[in-house]
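Structural overview
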Amino acid sequence: MTTRQPWPLDVPGIAYGGDYNPEQWPLDIQLEDIELMREAGVGLLSVGIFSWALLEPREGVHDFAWLDQVLDRLHAAGIRVALATATASPPPWLTRAHPEILPRTAEGTVLHQGARQSYAIASPVFRAYALRMTRTMAERYGDHPALALWHVDNELGCHVPHDYSDASATAFRAWLEKRYGTVDALNAAWGTAFWSQRYDTFDEVLPPLAAPTFVNPTQRLDFARFSSDEHLAHYRALRDVLRQVTPHVPTTTNFMMNTRNKWVDYFSWSAEMDVVANDHYLVAADPEAHIELALSADLSRGVAGGAPWILMEHSTSAVNWQPRNRPKGPGEMFRNSLAHVARGADAVMFFQWRQSLAGAEKYHSAMVPHAGRDTDVFRDTVELGRRLKALAEVRGSRVRADVALVFDYPSWWAAEQDGRPTEALDYQSELLRWYRALWELGVTADVVSADTALDGYRAVIAPTLYSVTDRTAARIADAATAGASVLLTFLSGIVDEHDHVRPGGYPGAFRELLGVRTEEFWPLQEGETHTLDDGSTADLWSEKTHLTGATAVRTWADGPLTGRPAVTRRAVGRGAAWYVAARPDEDGVRRLVRSLLDEAGVAPELPGLPAGVEAVRRHRPDGTRFLFLINHTGQDVEIPVRGRDLIRDRELAGHLALPGGEVAVVRED
Ligand code: GAL
């Protein structure tokens, strides 16, 4: 049997390119595309993502001529292709013939044809058509010399993370039966003694449809798990066909790992991926969007298990789907692209190659904008190609981190359900607060799942790790015993995997580890802040905590809980367990992280850098180190470093002058 080639096949260096939609353009433009792609050094393109309706205009009738020509032309130009299964959006003939494949909202609204992704992920009818199309694509193009990678569907779960159609209800029941075995076990897990919800058979169970008030939280949590699994099942089914027909070609799909996309648990997908690919878009209104970008890139690496990954989409400039779509400022696109590479990406790609003239995304930027080649955007596209070429030797190297930040999708889902202590809690903002402190202190972190082995990390930060299994709780305690400094924040370890409270005082799963016992949550009102004894302030949260083995690191200096612990620490084995039972302001968080890192002996990547200058290293097994330096400030900075500046192709004898907004990558001596 032919073995699958590891990514990135024979695409040299850091792969560069984007989504290519030639079906929107006449031949003369397609020919110009090739010329411009050569100029920009493009080597990899995603093709055919939304082409189903053109490739199969009527059921069973195919038109491949145009795609044959596109692939041949790209091959002749030395450009490789991540070819799509073309199944990301069913053609109108299919939804007309089979309206039962359309997805439904919780309120029962049918989501019709006319946009994209109008399919019910669990529909066996849709699945059969998608499998057939996938096989057709694999059989037709499996041996095409341009083919480097398969791209299944597109951003699975992007528009319809949860489908409430009949197909979904049937699949949900089967999923529940597999999970629980008996309806009694389901009743116990869902706590259906409450509000007369007891089920007599699985047939009575529904997806969490719109209901008079709060729907059963475990039902909702399981539906979130089911929905993520169902998208994965779809991926796996299409991938298996590809593996069968083209065992030598790796397969991926593009994830949406950022702080907004809540509903796919990518950690549970990672074992199924030949290579992880991510799409990332900046939030234009966020002045610190580059920090959220770094978190997303570290998460991509975490889901990839530390291996290099593909940045499958980002934007050269503005997007068209935020309230106000700001273009990127000078140098911002380089900083974004290279920040992804710094954190482990071995491919930099965009949505899309040429900006569309028609359709819903015509105001989304591209590598070739409406205004054509005589633009800063196209000049930057060419310059980025040059820079990535200069970084070819970085490919395959890896990031190393002493700190783990625990990110748990089920905790995100469960902590933000209805009927909670405060609706002001936003899981992602909590995660980002602690990540931001690490970023500002210049410390690289791995973003890992709650199921990851934590051996080897000197410090572990788990913000609002709300829902934990006994195993996860034990793993975190073991990390402390083994020598790590572990920090947990409020609303961690409160419930088990079924969203049932762990009794006996909060935080149930971590009470012993932390040496505290909380008798009551004390959420703060909007605008209410209180002072801690180090002078920092805290908002949103407090709790009535007793020390049962820990010492207080900070206490409340005012407010209803004056004198009670707000931050605690307990020595555990060779390490320590910290508990932050408050939400300190940014400065307070930074100070706590600094104490934690000092105790754990974790140093920044490059000590002494001015604020706003990002430094991350990638390492090769032979000991070669690549230092990425990204200046997010408007000021020029002097950085002590010795080695070769790869982008500017010059030796640095001991220092680098890095202009405001610029990026350097140094192969260190
Ligand atoms: C992604 C999607 C692309 C394009 C892009 C625009 O979510 O995969 O097809 O729509 O957004 O930002």
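Note that the structure is predicted; figures quoted are calculated from it, not measured. (Residues numbered from 1 in each chain as written. Predicted model: local features only at pLDDT ≥ 70, side-chain atom pairs only at ≥ 80, totals over all residues. Heavy atoms only, no water.)

1. Quick look at unusual backbone geometry
The residue after Phe351, namely Gln352, is reached through a cis peptide bond having omega -5°. The residue after Tyr506, namely Pro507, is reached through a cis peptide bond having omega -10°. On the secondary structure map, Pro507 appears in the loop between strand 13 (485–489) and helix 15 (511–514). For Asp499, which is not glycine, the phi torsion reads 70° and is therefore positive. (Helix = DSSP H or I, 4+ residues; strand = E, 2+ residues; numbered from the N terminus.)

2. So, the side chain of Arg554
Its place among the elements puts Arg554 in strand 18 (residues 551–555). For Arg554, a relative accessible area of 12% gives the class buried. Setting aside anything within four residues of it in sequence, one finds Arg554 in contact with Asp533, Asp534, Pro565, Ala566, Val567, Arg591 and Leu592. (Buried < 20%, exposed > 50% of the residue type's maximum accessible area, 1.4 Å probe, protein only. Contact = heavy atoms within 4.5 Å.)

3. Re the domain arrangement of the protein chain
Where interface size is given, it is often the accessible area lost as the parts come together that is meant. The assigned domain composition of the protein chain is domain 1 (15–393), domain 2 (403–600) and domain 3 (613–668). Using C-alpha coordinates to define each centre, domain 1 is positioned 34 Å away from domain 3. Contact residues are listed per partner, giving 19 residues for domain 1 and 16 residues for domain 3. Across the domain 1 to domain 3 interface the summed buried area is about 1,500 Å²; carbon plus sulfur atoms make up 57%. Counting the surface domain 1 buries against domain 3, the share from its top three residues, Arg335, Ala342 and Glu393, is 41%. (Domains from an automatic or database assignment. Buried area = accessible area lost by both parts, 1.4 Å probe.)

4. Structural notes on the site of the ligand
Near the ligand the following residues occur: Phe50, Arg116, Asn154, Glu155, Asp279, Tyr281, Glu313, Trp321, Phe351, Glu361 and His364. The side chain of Arg116 places a nitrogen or oxygen atom 2.9 Å from an oxygen atom of the ligand. A distance of 2.7 Å separates an oxygen atom of the ligand from a polar atom in the side chain of His364. Contact with the protein chains removes 95% of the 310 Å² of surface that the ligand exposes when unbound. Within the shell around the ligand, the residues separate by chemical class into 4 nonpolar, 2 polar and 5 charged. (Near = heavy atom within 4 Å. Polar contact = N/O pair within 3.5 Å; in protein donor to acceptor, adjacent residues only side chain to side chain. Areas by Shrake-Rupley, 256 points an atom, 1.4 Å probe, with all protein chains shown as cover. Nonpolar A, V, L, I, M, F, W, Y, C, P; charged D, E, K, R; others polar.)

5. Let's talk about the nonpolar core
Core analysis: the largest hydrophobic core is formed by 164 residues, its most contacted members being Leu74, Leu83 and Met137. Look past the residues within four positions of Leu83 in its chain and what remains in contact with it is Val47, Leu67, Leu71, Met137, Tyr141, Leu147, Leu149, Trp150 and His151. The next biggest cluster of nonpolar side chains, apart from the first, holds 17 residues, and it includes Ala122, Tyr164, Leu186 and Val205. (Core = buried A, V, L, I, M, F, W, Y, C linked by side-chain atoms within 4.5 Å.)

6. Concerning the packing of helix 1 (residues 27–40) against helix 11 (residues 376–390)
Remark: helix 1 packs on helix 11, axes separated minimally by 7 Å, with the N-to-C direction vectors making an angle of 50°. One element, helix 1, and the other, helix 11, form an angle in the oblique class. On helix 11, the residues touching Leu36, Glu39 and Ala40 of helix 1 are Phe378, Thr381, Val382 and Gly385. Classifying every residue of the contact of helix 1 with helix 11 by side-chain character gives 4 nonpolar, 2 polar and 1 charged. (Axes fitted to C-alpha atoms, helices over the stretch in contact; angles between N-to-C directions. Parallel < 35°, antiparallel > 145°, perpendicular 65-115°, else oblique.)

7. Here we look at the sheet that holds strand 13
Adjacent strands of a sheet form backbone hydrogen bonds with each other and so pair up, either parallel or antiparallel. As summarised here, the arrangement of the 7 strands in space is 11-10-12-13-20-19-18, forming an open sheet in which the pairing is mixed. The open sheet is flanked by strand 11 (445–448) and strand 18, the only strands paired with a single partner. Across the sheet, the axes of successive neighbouring strands diverge by a mean angle of 20°, strand direction being ignored. For strand 12 (residues 459–462) and strand 13, the ladder comprises 4 bridges, and the chain directions are parallel. Within strand 13, the position partnered with Ala459 by the bridge is Ser485. Contacts from helix 16 (residues 586–600) reach strand 10 (403–406), strand 12, strand 13, strand 18, strand 19 (565–572) and strand 20 (575–580) within the one sheet, and its direction differs from that of strand 20 by about 175°. (Pairing = 2+ DSSP bridges.)

8. Examining the packing of helix 6 (residues 166–180) against helix 7 (residues 183–190)
Here helix 6 crosses helix 7 at 90°, and the two axes come no closer than 9 Å. On the basis of their axis angle, the class for helix 6 and helix 7 is roughly perpendicular. Between helix 6, through Phe172, Leu176 and Tyr180, and helix 7, the contact on the second element is made entirely by Ala185, Leu186, Ala189 and Trp190. Along the lines of polarity and charge, the residues of the contact of helix 6 with helix 7 split into 7 nonpolar, no polar and no charged.

9. Quick word on helix 5 (residues 124–141)
Taking 1.5 Å per residue, 18 residues should reach 26 Å; helix 5 reaches 25 Å between its end C-alpha atoms and fits that length. Three or more residues of helix 5 are buried, namely Phe126, Arg127, Tyr129, Ala130, Met133, Thr134, Thr136, Met137, Ala138 and Tyr141. Residues of helix 5 that are buried in the fold lie against helix 2 (52–55), helix 3 (65–76), strand 3 (80–84), helix 4 (92–97), strand 4 (147–151) and helix 8 (217–245). (Expected span 1.5 Å × (residues − 1).)

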